[in-house]
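Letter by letter, the chains look like this.
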Amino acid sequence: MYEMTLGLEIHCELKTESKIFCGCRNEFGGEPNTHCCPVCSGFPGVMPVLNEKAVEYTVRTGLALNCEISRYSKWDRKNYFYPDLPKAWQTSQYDLPLCKGGFVEYELDGKIKTVRINRIHLEEDAGKLLHEGGVSRIDYNRSGVPLMEIVTEPDLHSEAEAVAFLDGLKSVLKYIGVSDVKMQEGSLRCDVNLSVAKPGQKLGTRTETKNLNSFSAVKRSILFEYDRQCGVLNAGGTITQETRRWDDNKSVGYSMRGKEDAHDYRYFPEPDLMPVVLSGEKIEEIRKAIPRLKKERIAIYTEKLGLPLYDARILTADKDIADLFEGTAAVFKNPKKASNYIMSEIMRKGKREGSEDVEIGVSPAALAEILTLIDSGVISLAASKDVLDAVWNGAESPLAAVERLGLRQNSDSGELESAVKEVIAANASAAEQYKAGNQKVAAFLVGQVMKATKGKSNPKLVGELIEKLLKTN
Amino acid sequence: MKVTRKEVERIAALGRLELSEEQKREMEAHLSGMTEHFKMLDAVDTSSVPPTAHILDKVNVLRPDKAEPSFERDALLANAPERDGECYIVPRAVE
Amino acid sequence: MNNLLQMPLTEAVKAVKSKKVSAVELTRASLGRIAECKELNNFITVCAESALAAAAEADKKIALGGDPGPLAGVPVAVKDNISTKGIRTTCASKFLQNYVPPFDASVVTALRNAGASIVGKTNMDEFAMGSGSENSYFGAVKNFRERSRVAGGSSGGSANAVAACEVFAALGSDTGGSIRQPAAYCGVAGLKPTYSLVSRYGLIAFASSLDQIGPLGRTVRDCALMLDVLAFADPRDSTSVPRPQKTYSDFVPRVKGKRIGIAKEFFPDTLNADVRKRLNAAVAALEGAGAVVKETSIKSFNAALATYYVLSSAEAASNLARFDGIKYGYSDRSGDGLTDIYFKSRTGGFGDEVKRRIMTGNYVLSSGYYDAYYLKASKVRTLIKREYEDALRDCDALICPTAPSSAFKAGKKTSDHTQVYLEDVYTVPVNIAGLPALSVPCGTDGGGMPIGMQLIGKAFDEKNLFELAGAFEEITGGNADV
């Protein structure tokens with residue numbers, strides 16, 4: 001039985017406003033070649049000017065991943081021809097990356113495990129090729145988007161570890177605010193280096209499977225490559241060191257044959273970019289700007305806000321959810337109610353098929369308003385779902401939505417009393433049971449009133465009226 | 001140092017150049033001559049000398065992260081040998 | 001030729017500003033002269049319409065009592081590797097023969113803002129690789145004084161156009177001597193500024209760590225006036241720095257007490273006799289005028305050419321990789337698929353010398369050779385820089401020939417490429433060290449061809465070079481035959 005050893009290279013697009021070397025907008029999507037200028041389209045004569053935020057974000061990541069930050073770091077050209085690379089070199093960092101060493105802790109089956117980080121460097125992303133029939137159309141919108149490459153040591157030994165590690169890393173990257181880590185949009189991509197060996201023997205020859213863009217692809221490609229390498233070895237063959245691709249639709253990996261001879265990248269220092277020198281003070285300044293991570297947030301939620309650990313863990317699984325919770329709880333002063341509502345309604349509504357991410361279409365202020373409306377009896381819990389639908393990704397305020405949809409529940413006891421009387425009359429036997437001391441029937445009667453009033457009655461008030469009317473009889 | 005035909009072919013491929021047989025012969029002679037001349041470098045003692053990549057002492061030349069308007073797409077594509085109004089076009093790139 | 005064209009740039013600007021002559025009149029004269037000198041092949045593109053418009057604009061400002069800018073509509077030329085928006089920029093290459101940049105180089109913007117009338121784009125060696133302006137897809141430049149001789153290179157068209165009074169000044173670029181050597185061959189002044197003093201944004205790069213844009217003019221002060229326009233900190237060029245001088249053109253010629261360094265390596269026994277004679281006479285004249293001459297040494301001088309060819313070729317191989325037949329320029333799509341576009345476009349679009357440099361560059365960077373060549377040359381670079389700086393510590397300028405001979409015969413050396421490379425022996429170390437250097441005429445050889453003297457200064461000490469060279473110009477009365 002062979003044991004697998006995995007090392008990952010994670011490419012993460014940084015969430016800056018502009019590209020790494022020019023002022024073009026760093027934004028996913030857009031009409032092809034509309035976020036472009038001569039610099040990121042590789043025109044003759046252009047020169048790069050480094051985006052300070054891209055450096056800061058990379059250092060921030062290094063600090064969050066316990067790396068040593070280089071005091072002196074420089075840029076190099078990685079030369080190769082490909083249509084998505086307009087200058088025919090990628091500006092990257094070869095021998096002096098911004099961050100070295102480091103480690104990431106992640107959780108698998110309740111155990112904390114560690115992966116060492118080899119290095120983190122900053123480079124530029126390439127453009128995109130749109131393959132259509134016999135041609136490839138080239139879009140340079142992505143060309144020059146700041147891209148951070150995180151290289152791990154070969155510390156992973158199963159597909160489950162790889163995915164759990166990636167999930168943990170993704171959470172950190174999102175918490176520290178350097179990337180939106182959307183794998184489906186390509187802002188987080190992963191290369192997997194895999195080798196197999198019998199236990200106790202030295203590592204085998206590794207292959208690299210490039211550009212995996214979902215956890216599922218990572219998992220399946222690892223299993224595929226593991227099986228393939230075991231098969232080759234079992235048949236008496238040897239593993240060739242090579243670069244491979246993963247066809248996600250067919251769930252097969254394949255070799256990029258014939259490309260190997262071209263991989264003489266002829267790295268040399270980029271003459272048009274000056275080195276970056278970071279002082280101890282600057283590094284500390286960046287460290288101070290790191291937003292609170294998951295662990296700290298869990299502590300605050302449980303200790304200061306009094307949430308159960310279960311709630312704290314669910315809320316912090318995704319930074320957007322945690323941010324929504326904190327923002328809401330800052331206004332609506334009942335953290336547990338806010339937590340309950342987010343864990344049920346928001347997470348249900350924000351779930352996207354085929355994605356690990358939850359999409360959030362409501363601001364903390366709007367959510368706090370909805371919770372206040374429920375709490376003060378203006379709307380029912382049931383009606384709040386319609387309000388949420390109405391304000392989701394829109395500009396309307398919850399209160400405006402309540403009025404527009406006529407969801408304000410009836411709290412006029414005179415009007416309600418006649419409705420309750422009608423229900424009691426129509427459900428005489430239930431009323432009798434209630435009077436005989438069967439409290440459970442109350443819920444049934446309240447439900448009937450709500451139904452009769454199309455959900456617009458205040459259930460609390462209805463309950464009180466039922467009690468009053470049946471007791472005084 | 002004599003630069004071989006095989007190396008000339010490898011180097012030409014790295015630069016995406018096609019050379020005729022005659023050009024290959026000429027390039028062998030040229031590169032061999034250049035490497036001969038480069039022996040002048042060996043005469044200089046550079047032990048304990050750091051390399052110079054930049055003549056300037058400047059460091060940390062950085063730009064604030066601010067988006068500026070992009071270029072007109074038509075102006076960028078105007079020089080392209082094949083384009084469709086949105087993109088540059090090449091025969092399908094296979095990996 | 002219209003006599004007006006023989007004025008120095010500084011005089012022409014004054015004449016236009018004082019309405020003695022209009023900028024349009026000068027531009028017309030310039031365009032006429034360019035047509036007259038067509039045979040010299042100095043221009044790849046002439047842009048009469050936009051030049052006349054710029055001149056008219058300057059005249060209009062003057063008529064309204066406004067400021068026409070320091071160049072006041074006076075006609076100048078720009079080397080054809082400097083990007084001009086809407087005007088094709090070819091680098092004298094088949095590859096870019098139809099390339100029209102969508103933006104101006106920063107120096108071109110500066111020229112326009114200074115009111116210059118840009119009359120055309122000058123011929124050169126393809127991608128600035130050469131010493132004779134013979135490696136041009138548009139044909140060789142012929143020396144104005146002697147058509148059977150080259151104008152020098154790679155900024156041959158610019159130097160020759162200034163010498164022939166087609167324009168009052170021109171921009172060149174200098175990676176290993178490409179401003180100074182043609183200036184010497186054509187008998188004009190040419191400055192390679194300190195690396196980073198002039199923005200390179202929009203200069204189609206040959207070797208980015210060595211390239212520098214600079215002016216060519218008929219007088220030292222003309223070069224200084226051009227530098228006033230060209231030197232500024234450019235946020236688009238990360239290597240660019242603010243200039244240390246408010247103005248250069250107000251320099252006062254001065255020689256008394258200036259210390260001149262002569263390195264013994266500059267005058268080997270094999271040096272051409274005429275060049276030696278002229279340089280000796282020039283140094284003696286300066287000494288006679290009060291300069292202090294010191295002997296010094298640059299030990300690594302003989303390794304400079306090898307250093308230069310390793311570094312410049314490596315950078316060139318990378319810089320020219322973007323010419324791939326996909327985004328702009330020559331594209332041969334007759335083959336089968338994408339790979340053929342790369343090979344056929346580059347093979348068909350580049351000339352032989354460019355291919356030789358790309359080959360050399362990829363060779364020295366390729367796997368297994370990097371340390372022996374690129375890294376080694378980067379270390380020798382450190383030494384060369386140190387030695388020039390050390391030599392300049394006790395001197396105001398080092399003086400040496402600009403080139404080992406006067407303009408060579410056209411076609412003579414093209415069969416022996418490495419021989420042509422020797423033309424650069426005095427100029428390349430200056431680029432390697434990033435220093436400023438000015439070439440000024442220093443008499444002629446037996447055949448009447450100009451010889452150039454090179455003054456090398458400390459980094460950012462251009463003004464000092466102007467003072468010294470300006471004084472030399474006064475001593476020689478401008479004809480430089482001392």
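Here, every reference points to the structure presented above.
Residues numbered from 1 in each chain as written. Chains lettered and ligands numbered in written order. Predicted model: local features only at pLDDT ≥ 70, side-chain atom pairs only at ≥ 80, totals over all residues. Heavy atoms only, no water.

Engineer: A description of the interface of chain C and chain B should follow, citing residues and the corresponding values.
Structural biologist: Listed as interface residues are 65 residues of chain C and, on the opposing side, 49 residues of chain B. Looking only at chain C, the three residues that lose the most surface to chain B are Phe343(C), Met359(C) and Tyr363(C), adding up to 15% of its buried area. Where chain C packs against chain B, one counts two salt bridges. Ionic pairing is found between Arg333(C) and Glu82(B), a salt bridge with its closest N-O pair at 2.9 Å. Counting across the interface, chain C meets chain B through 17 residue pairs in polar contact (both at pLDDT 80 or more). Of all the secondary structure elements, the ones that give two or more residues to the side of chain C that touches chain B are α9 (304–319), α10 (337–349), α11 (352–365), α12 (371–393), α13 (417–421) and α14 (428–433) of chain C. (Contact = heavy atoms within 4.5 Å. Buried area = accessible area lost by both parts, 1.4 Å probe. Salt bridge = Lys/Arg side-chain N within 4 Å of Asp/Glu carboxyl O. Polar contact = N/O pair within 3.5 Å; in protein donor to acceptor, adjacent residues only side chain to side chain. Helix = DSSP H or I, 4+ residues; strand = E, 2+ residues; numbered from the N terminus.)

Engineer: Describe the pairing of strand β6 (residues 89–92) of chain A, naming the residues involved and giving the relevant values.
Structural biologist: All names here are of chain A. Of the two faces of β6, both are covered, the one formed by Trp 89 and Thr 91 as well as the one formed by Gln 90 and Ser 92. When strand β5 (residues 76–79) meets β6, the two strands line up antiparallel, connected through four bridges. Among the inter-strand pairings, Asp 76 is bridged to a residue of β6, identified as Ser 92. (Buried < 20%, exposed > 50% of the residue type's maximum accessible area, 1.4 Å probe, protein only. Pairing = 2+ DSSP bridges.)

Engineer: An account of the interface of chain C and chain A is requested, with residue identities and associated values reported.
Structural biologist: Each partner contributes residues to the interface: chain C has 36 residues there, and chain A has 31 residues. Where chain C abuts chain A, roughly 2,700 Å² becomes buried across the two surfaces, and 63% of that area is made up of carbon and sulfur atoms. Summed over the three residues of chain C that lose the most area to chain A, namely Ser238(C), Ser318(C) and Arg322(C), the buried surface amounts to 22% of that side. There are one salt bridge connecting chain C and chain A. Here the side of chain C that touches chain A gets four residues from one element, more than from any other, and that element is α9(C). Taken together, the residues of the side of chain C that touches chain A sort by class into 18 nonpolar, 11 polar and seven charged. (Nonpolar A, V, L, I, M, F, W, Y, C, P; charged D, E, K, R; others polar.)

Engineer: Can you lay out a nonpolar patch on the surface for me, pointing to particular residues and giving the numbers?
Structural biologist: Together, Tyr72(A), Val277(A) and Val59(B) make up a nonpolar patch on the protein surface, roughly 220 Å² of accessible area in all. For Val277(A), the position within the fold is in strand β18 (residues 276–277). Here Val277(A) falls in the partly exposed class, since its relative accessible area comes to 33%. (Patch = residues over 30% accessible without salt bridge, like charges linked within 9 Å, V, L, I, M, F, W, Y side chains within 5 Å. Areas by Shrake-Rupley, 256 points an atom, 1.4 Å probe, with all protein chains shown as cover.)

Engineer: Could you give an account of the packing of helix α5 (residues 294–303) of chain A against helix α6 (residues 309–316) of chain A, with specific residues and numbers?
Structural biologist: Helix packing geometry: the angle between the two helix axes and the distance between the axes. Residue and element names in this part refer to chain A. Following both chains from N to C, one finds α5 and α6 inclined at 140 degrees, their axes separated by 9 Å at the closest point. The handedness of the crossing between α5 and α6 is right-handed. Here Lys 294, Arg 297, Ile 298, Tyr 301 and Thr 302 of α5 come into contact with α6, specifically with Leu 309, Ala 312, Arg 313, Leu 315 and Thr 316. For the contact of α5 with α6, a count of residues per class yields five nonpolar, two polar and three charged. (Axes fitted to C-alpha atoms, helices over the stretch in contact; angles between N-to-C directions. Left-handed = near helix turned anticlockwise from the far one by under 90°.)

Engineer: Describe the environment of Glu72(B), listing the residues and the values that go with them.
Structural biologist: All names here are of chain B. Within the fold, Glu 72 resides in the loop between β1 (62–63) and α4 (73–77). Look at Glu 72 and you get exposed, because its relative accessible area is 60%. When the C-alpha positions of Glu 72 and Glu 28 are compared, they lie 46 Å apart, and in sequence the two are 44 residues distant.

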